[in-house]
Amino acid sequence: MKAEVSRTVDSVSQRIVELLREGREREKRQSSFYRRLAAAAEDEGRPDDVERLNELLADEQHHLSRLTARLLELGDQPPDLPPGEGTANLEGWEAEARAREAGEVAFYKSALTRSLDDRTRDILQEILHSECHHREQLRGKWMSA
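Residues numbered from 1 in each chain as written. Predicted model: local features only at pLDDT ≥ 70, side-chain atom pairs only at ≥ 80, totals over all residues. Heavy atoms only, no water.

Trainee: Requested: an account of the packing of helix H2 (residues 47–73) against helix H3 (residues 93–111), with residues and values cited.
Mentor: Contact geometry for H2 and H3: axes closest at 14 Å, N-to-C directions at 20 degrees. By the angle class used here, H2 and H3 are roughly parallel. H2 and H3 meet at a crossing whose hand is left-handed. Contacts from Asp49, Arg52, Leu53, Leu56, Glu60 and Leu67 in H2 reach Trp93, Glu94, Glu101 and Tyr108 in H3. Of the residues contributing to the contact of H2 with H3, the split by class is 5 nonpolar, no polar and 5 charged. (Axes fitted to C-alpha atoms, helices over the stretch in contact; angles between N-to-C directions. Helix = DSSP H or I, 4+ residues; strand = E, 2+ residues; numbered from the N terminus. Parallel < 35°, antiparallel > 145°, perpendicular 65-115°, else oblique. Left-handed = near helix turned anticlockwise from the far one by under 90°. Contact = heavy atoms within 4.5 Å. Nonpolar A, V, L, I, M, F, W, Y, C, P; charged D, E, K, R; others polar.)

Trainee: Account for the environment of glutamate 60, with residues named and values stated.
Mentor: Its place among the elements puts glutamate 60 in helix H2. Residues glutamate 60 and arginine 24, spaced 36 residues apart in sequence, show a C-alpha to C-alpha distance of 9.8 Å. With residues up to four places along the chain from it excluded, the contact list for glutamate 60 reads Glu27, Gln30, Ser31, Tyr34, Glu101, Glu131 and His134. Engagement of the side chain of glutamate 60 in a polar contact is seen with the side chain of histidine 63, the distance being 3.2 Å. (Polar contact = N/O pair within 3.5 Å; in protein donor to acceptor, adjacent residues only side chain to side chain.)

Trainee: Give a detailed account of H3, specifying residues and quantitative values.
Mentor: For H3, built from 19 residues, the straight-helix expectation of 27 Å at 1.5 Å per residue is met to within 8% by its first-to-last C-alpha distance of 27 Å. Residues of H3 that are buried: Trp93, Ala97, Glu101, Glu104, Val105, Phe107, Tyr108 and Ala111. Viewed end-on, H3 has its buried residues packed into an arc of 160 degrees, placing them on one side of the element. In H3, the exposed positions angled more than 90 degrees off the buried face are occupied by Ala95 and Ala99. (Expected span 1.5 Å × (residues − 1). Buried < 20%, exposed > 50% of the residue type's maximum accessible area, 1.4 Å probe, protein only. Arc of directions from axis to C-beta.)

Trainee: Residue-level account of the confidence of the model for the chain, with values.
Mentor: Per-residue confidence for the chain averages 89 on the pLDDT scale, and 89% of its residues sit at or above 70. Taken element by element, the predicted model of the chain shows its lowest mean pLDDT in helix H1 (residues 2–43) (82) and its highest in H3 (97). Contacts from residues 1–9, a stretch scored under 50 in pLDDT, to residues over four places away or in other chains number 0 contacts. (pLDDT = per-residue confidence, 0-100.)

Trainee: Explain the nonpolar core to me, and be specific about the residues and the numbers.
Mentor: One finds Leu19, Leu20, Leu67, Tyr108, Leu116 and Leu124 to be the most contacted residues of the largest nonpolar core, which totals 16 residues. For this core, the elements supplying multiple residues, two or more each, are H1, H2, H3 and helix H4 (118–137). If you look at the next biggest cluster of nonpolar residues, it comprises 14 residues, including Phe33, Ala40, Ala41 and Leu138. (Core = buried A, V, L, I, M, F, W, Y, C linked by side-chain atoms within 4.5 Å.)

Trainee: Which residues make up the packing of H3 against H4, and what values go with them?
Mentor: Each pair of packed helices can be summarised by the angle the axes make with each other and by the distance between the axes. Where H3 contacts H4, the two axes come as close as 9 Å, and the packing angle between them is 155 degrees. Classed by the angle they form, the pair H3 and H4 counts as roughly antiparallel. Viewed along their axes, H3 and H4 form a crossing whose handedness is left-handed. Where H3 approaches H4, its residues Arg98, Glu101, Ala102, Glu104, Val105, Tyr108, Lys109 and Ala111 are matched on the opposing element by Leu124, Ile127, Leu128, Glu131, Cys132, His134, Arg135, Glu136 and Gln137.

Put into structure tokens, the structure is as follows:
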């Protein structure tokens, strides 16, 4: 019986690690997306967009850091993530960003339906809260320090 319980814990822990790794990949893509857009807005002299995009970028980087830290706490060695690719197109960026944020909200809502430890659940709930604000307002600075 003891070995069976141990396997269950290991299985749950491994699923949490996989979930957190997927979250890191998603946050890296979001960070790269906002970084490219912020640079393009800077190049085009659009200070309001620069501010909004940098706020979103800061939150996404914070999400990435929180997920990475949690993986390290769980004893995982998260792999390096490749730099983001793609081009930045400021035309229609808000519609694309809102759609991407809706995907993030769906991911975190789904993640929170799984068996999680309390610490991981708290982190994912905090990120979900931030992502909901991103989707609705396309502004950042929703993460606490």
